[in-house]
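# Chain and residue survey
Chain by chain, the residues:
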Amino acid sequence: MATRLQFENSCEVGVFSKLTNAYCLVAIGGSENFYSAYEAELADVIPVVKTSIGGTRIIGRLCAGNKNGLLLPHTTTDQELQHLRNSLPDRVVVQRIEEKLSALGNCIACNDHVALTHPDLDRETEQLIADVLGVEVFRQTIAGNILVGSYCAFSNRGGLVHPHTSIEDQDELSTLLQVPLVAGTVNRGSEVIAAGMTVNDWTAFCGSDTTATELSVVESVFKLREAQPSTIVDEMRKSLIDSYV
Amino acid sequence: MGQRRPAKRRRLSRTPSLLLSFSPFSRFLLFAHSSSVPKSGSPDPSPSSKSTVDGIADPKPPKAIKRMESSEDEEEKQEKIEMVQADFEFFDPKPGDFNGVKLLLQSYLDKKPWDLSGFVDLILEQTTVGTIVKSASQDGEEEGDDDGGDDDESLFAVISALNLGRYAGHGCIKELKRFLLEVCSDESTKTKLKLLLEQQASDVGLLVSQRFVNCPYQLVPPLYDALFDEVSWATEDELFCFLKPTQELRDSFRLKYYMLLTRILENKNVNQRKAKQSQDYEEPFIYIKAEDEIFRELSLLSFTFRLHAEQLISHELKNYREMGLVMVVKADDISKFREKLKSLLAKS
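Residues numbered from 1 in each chain as written. Chains lettered and ligands numbered in written order. Predicted model: local features only at pLDDT ≥ 70, side-chain atom pairs only at ≥ 80, totals over all residues. Heavy atoms only, no water.

### A word on the packing of helix 7 (residues 171-183) of chain B against helix 8 (residues 187-197) of chain B
Residue and element names in this part refer to chain B. Applicable threshold: Lines fitted to C-alpha atoms define the axes here, with helix axes fitted over just the stretch in contact, and angles between the N-to-C directions of these axes take values from 0 to 180 degrees. A run of DSSP states H or I qualifies as a helix once it reaches four residues; a run of E qualifies as a strand once it reaches two. Both are numbered from the N-terminal end. Here the angle decides the label: under 35 degrees means roughly parallel, over 145 means roughly antiparallel, 65 to 115 means roughly perpendicular, and every other value means oblique. Throughout, a residue-residue contact means that at least one pair of heavy atoms, one from each residue, lies within 4.5 Å. Note on residue classes: Ala, Val, Leu, Ile, Met, Phe, Trp, Tyr, Cys and Pro are nonpolar, Asp, Glu, Lys and Arg are charged, and everything else, Gly too, is polar.
At a minimum axis separation of 10 Å, helix 7 and helix 8 run at an interaxial angle of 170 degrees. On the basis of their axis angle, the class for helix 7 and helix 8 is roughly antiparallel. Between helix 7 and helix 8, the residues in contact are Lys-177, Leu-180 and Leu-181 and Lys-190, Leu-193, Lys-194 and Leu-197, respectively. For the contact of helix 7 with helix 8, the class distribution of residues is four nonpolar, no polar and three charged.

Written as structure tokens, this is what we have:
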């Protein structure tokens, strides 16, 4: 089920949180409402950890992770690193990496099997991603944007990409990622998908400006409602942006 | 291109004074800037003097040589600064501007969570009164299928006036009124404010004006002119309505008061201004938007309140704290405001 919420009047919930199948990170300093929305959905299933990265609250855009591991930028302090290592399950490998593109969340989009990265990422970083996260890494762009981590969000069951992604690019990405993809928006037409929402295999959190249509697209493509695949084609066709000419 | 370069450099030294010369804040910036600008007259003599130093063993005192070299360096730094031509266009509000306007009004009510989206919707629905400033796209050829500005990402400023009585039923306006009454600390001001917000709400217009900090000041007088002109035109011909009688809407723009909610910088060390040299004299208030100073002079009532959100203050302004400012100005004083605003810009 998809939930709508806000972080201190901002609808960019994907900036202030990071959701995976094994854990959830939430920024400190927000109201208790924000934290409790996550707790309500996830408390019994996965740990919800309050943290900062490098003293900032934009944790969703600075780190990249999945159920196998979590990658942190070099700006992460030792205390934060230790806190995360203590709070997360033991099988999640927490690693701080030296990469000049330090907003890892903007540069890397991943699920538990595949990762898409910024074309200019270091070779060593690419290797680390493959080792720590246990994924296959592809250097890609999305609708001509190099910040793949910002303009798409995908889980093991589906993905949402920038609305201007052409149909050929969508097919190519879909083949690489092995999940169905849909081009769409969140937060009333915002193209920065991953900043406006965060998702895992059974739940999603979107900004409160997300319209009902956008929310139903999210629920369908990520299969959060146990919907039939044909529902997308039959009922949802008009609200999906298939191609941008 | 090469011929135009010297002209650019001369313009550069003049333009800052054109833009920044009125509010104390801008005056401060001007002093900070001018300390790094080389003395006028140095661009021309220095190339020739440099060649004398290079070629001939000239018995010039070492100090003079050093001075020329440093002005050369600063000149090189200046060469890297480019002049950018920017055209700004004024549009009526439309629904597509939602994300841009929301970004500008993000901190309107400090940190309090409120229905900001609803508030932005009210501004955008009122197409007859209100203006949005966007930068014109660089390539004229691509304007073919533009319906008045494509990207709302390039939205620079918004201005509008919302009648508090007309929109009194909306949740965002109720939250806004509650917020204003909460932050008012002085009891007598609070009673006056309460009167304005409740009994006299249909005579009060909330003047919402927000822009990016680096907007050139030349935009501001036309922006306010546009707003006040639109308000007076709306009293004459409010054609735009299918639901309510037109006369009601016309009357909703016959405003007697304007209320403003804005930000200023207040000097933290109010008591320690003795024995300081004139250079160190710090203004008690710095107005982030220069026109706020004029509004405050003309205001019927005004009060400041402390903010709870994170403060981002630059090092030069470390003695200042950002405060919220609420002002109420009589609609009759607006013509005085417009004159003063024009003369402020004309002074430079």
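### Re the interface of chain B and chain A
Heads up, the rule is: A simple way to read buried area is as the amount of 1.4 Å-probe accessible surface that goes missing from two parts once joined, with both sides added. By definition here, a salt bridge exists when the distance from a side-chain nitrogen of Lys or Arg to a carboxyl oxygen of Asp or Glu is within 4 Å. Pairing of N or O atoms within 3.5 Å defines a polar contact, subject to two protein rules: one partner must be a possible hydrogen donor and the other a possible acceptor, and residues neighboring in sequence count only if both atoms are side-chain atoms.
Contacts between the two partners involve twelve residues from chain B and, on the opposite side, eleven residues from chain A. Counting each side, the surface lost to burial between chain B and chain A is near 860 Å², with a carbon and sulfur contribution of 26%. A:Asp209 is the partner of B:Lys102 in a salt bridge, and the nearest nitrogen-oxygen pair spans 2.6 Å. Our count for the contact surface shared by chain B and chain A stands at six residue pairs in polar contact (both at pLDDT 80 or more).

### What about the sheet that holds strand 12 (residues 159-161) of chain A?
Sheet strands associate in pairs through backbone hydrogen bonding, adopting either a parallel or an antiparallel arrangement. Residues and elements named next belong to chain A. Where we set the bar: Two strands make a pair as long as DSSP finds a minimum of two bridges between them.
Ordered in space as 11-12-13, the three strands form an open sheet in which the pairing is mixed. A strand with exactly one partner marks an edge of an open sheet, and here the two such strands are strand 11 (152-154) and strand 13 (181-183). Here the average twist between neighbouring strands, direction ignored, is 15 degrees. With three bridges connecting them, strand 11 and strand 12 associate as antiparallel partners. Bridge assignment links Ala-153 to a residue of strand 12, and that residue is Leu-160. Across the sheet, helix 8 (residues 167-177) is in contact with strand 11, strand 12 and strand 13; its angle to strand 13 comes to roughly 150 degrees.

### Digging into unusual backbone geometry
Of all residues except glycine, most have a negative phi; of all peptide bonds, most are trans. Residue and element names in this part refer to chain A. What counts here: Any residue under 20% of the maximum accessible area for its type is buried, any over 50% is exposed, and the rest in between are partly exposed; the area is computed with a 1.4 Å probe on protein chains only.
In this model, Asn-9 sits at a positive phi of 75 degrees, which is unusual for a non-glycine residue. With respect to the helices and strands, the residue Asn-9 is situated in the loop between strand 1 (2-5) and helix 1 (13-16). Overall, Asn-9 belongs to the buried group, its relative accessible area being 2%. Located in the positive-phi region is Lys-223, a residue other than glycine, with phi close to 55 degrees. Along the polypeptide, Lys-223 turns up in the loop between helix 10 (212-221) and helix 11 (229-234). Lys-223 gets classed as partly exposed once you look at its relative accessible area, which sits at 22%.

### Re the packing of helix 6 (residues 116-125) of chain B against helix 7 of chain B
All names here are of chain B. Rules: What makes a crossing left-handed is the near helix being turned counterclockwise from the far one by less than a right angle; a clockwise turn instead makes it right-handed.
Orientation of helix 6 relative to helix 7, taken along the N-to-C sense of each, is 110 degrees, at an axis distance of 8 Å. Classified by the angle their axes make, helix 6 and helix 7 are roughly perpendicular. Between helix 6 and helix 7 lies a crossing whose hand is left-handed. Where helix 6 abuts helix 7, its residues Gly-118, Phe-119 and Leu-122 lie against Cys-172, Ile-173 and Leu-176. Residue composition of the contact of helix 6 with helix 7, grouped by class: five nonpolar, one polar and no charged.

### Quick word on the pattern of salt bridges
Residue and element names in this part refer to chain B. Considering all chains together, one arrives at 19 salt bridges over all chains under this definition. Between Asp-97 and Lys-134 there is a salt bridge, and its shortest N-O distance comes to 2.8 Å. A residue pair is termed long-range when its members are at least 10 positions apart, and Asp-97 in the loop between strand 1 (88-91) and helix 5 (98-104) and Lys-134 in strand 2 (residues 131-135) qualify at 37 residues. Note that Glu-291 is salt-bridged to Arg-211, the shortest N-O span being 2.9 Å. Taken together, the residues span a long stretch of sequence, with Glu-291 in helix 11 (residues 291-298) and Arg-211 in strand 4 (residues 204-211) at a distance of 80 residues. Of the two residues, Glu-291 and Arg-211, neither departs from the other in class, the shared state being buried. Here the salt bridges do not stand alone but share partners, grouping Asp-225, Asp-229, Arg-338 and Lys-342 into one network.

### Quick look at the sheet that holds strand 14 (residues 197-199) of chain A
Residues and elements named next belong to chain A. Taken together, three strands build an open sheet; the order of strands is 1-15-14 and the sheet is mixed. Lying at the two open borders of the sheet, with one neighbouring strand each, are strand 1 and strand 14. The average undirected angle you get between the axes of adjacent strands in this sheet is 20 degrees. In this sheet, strand 15 (residues 204-207) lies alongside strand 14 in antiparallel orientation, the contact comprising three bridges. Bridge pairing in strand 15 places Met-197 opposite Cys-206. Of the strands in this sheet, strand 1, strand 14 and strand 15 are in contact with helix 10, which crosses strand 1 at around 140 degrees.

### So, the packing of aromatic side chains
To be explicit about the condition: In this scheme Phe, Tyr and Trp rings, the latter by its six-membered ring, pair at centre separations within 6.5 Å, and the angle between planes marks the pair as stacked below 30 degrees, edge-to-face above 60, and tilted otherwise. For a lysine, the NZ atom is tested; for an arginine, the CZ atom; a charge sits over a ring if that atom is within 6 Å of the ring centre and within 35 degrees of the ring normal.
By the definition in use, this model includes 17 aromatic pairs over all chains. On the numbers, 4.8 Å between centres and 75 degrees between planes, the contact of A:Phe7 with A:Phe34 is edge-to-face. In this pair, A:Phe7 is assigned in the loop between strand 1 and helix 1 and A:Phe34 in helix 2 (residues 32-42), connecting sequence segments 27 residues apart. Given a relative accessible area of 2%, A:Phe34 falls into the buried group. The rings of A:Phe7, A:Phe16, A:Phe34, A:Tyr38 and A:Phe205 are connected pair by pair, giving a single aromatic cluster. Against the face of A:Tyr35 rests A:Lys50, its NZ or CZ located 4.2 Å from the ring centre. Positioned above the aromatic ring of B:Phe91 is the side chain of B:Lys134, whose terminal nitrogen or guanidinium carbon lies 5.2 Å from the ring centre.

### As for helix 8 of chain B
Residues and elements named next belong to chain B. This is how it is decided: This arc is built from the directions going out from the helix axis to the C-beta atoms.
Taken together, the buried positions of helix 8 are Thr-189, Leu-193, Leu-196 and Leu-197. Looking down the long axis of helix 8, one finds its buried residues gathered within 90 degrees of arc, a one-sided arrangement. Exposed side of helix 8, more than 90 degrees from the buried face: Glu-187 and Thr-191 are the residues found there. The secondary structure elements touched by the buried residues of helix 8 are helix 7, strand 4, strand 5 (257-267), strand 7 (301-306) and strand 8 (320-330).

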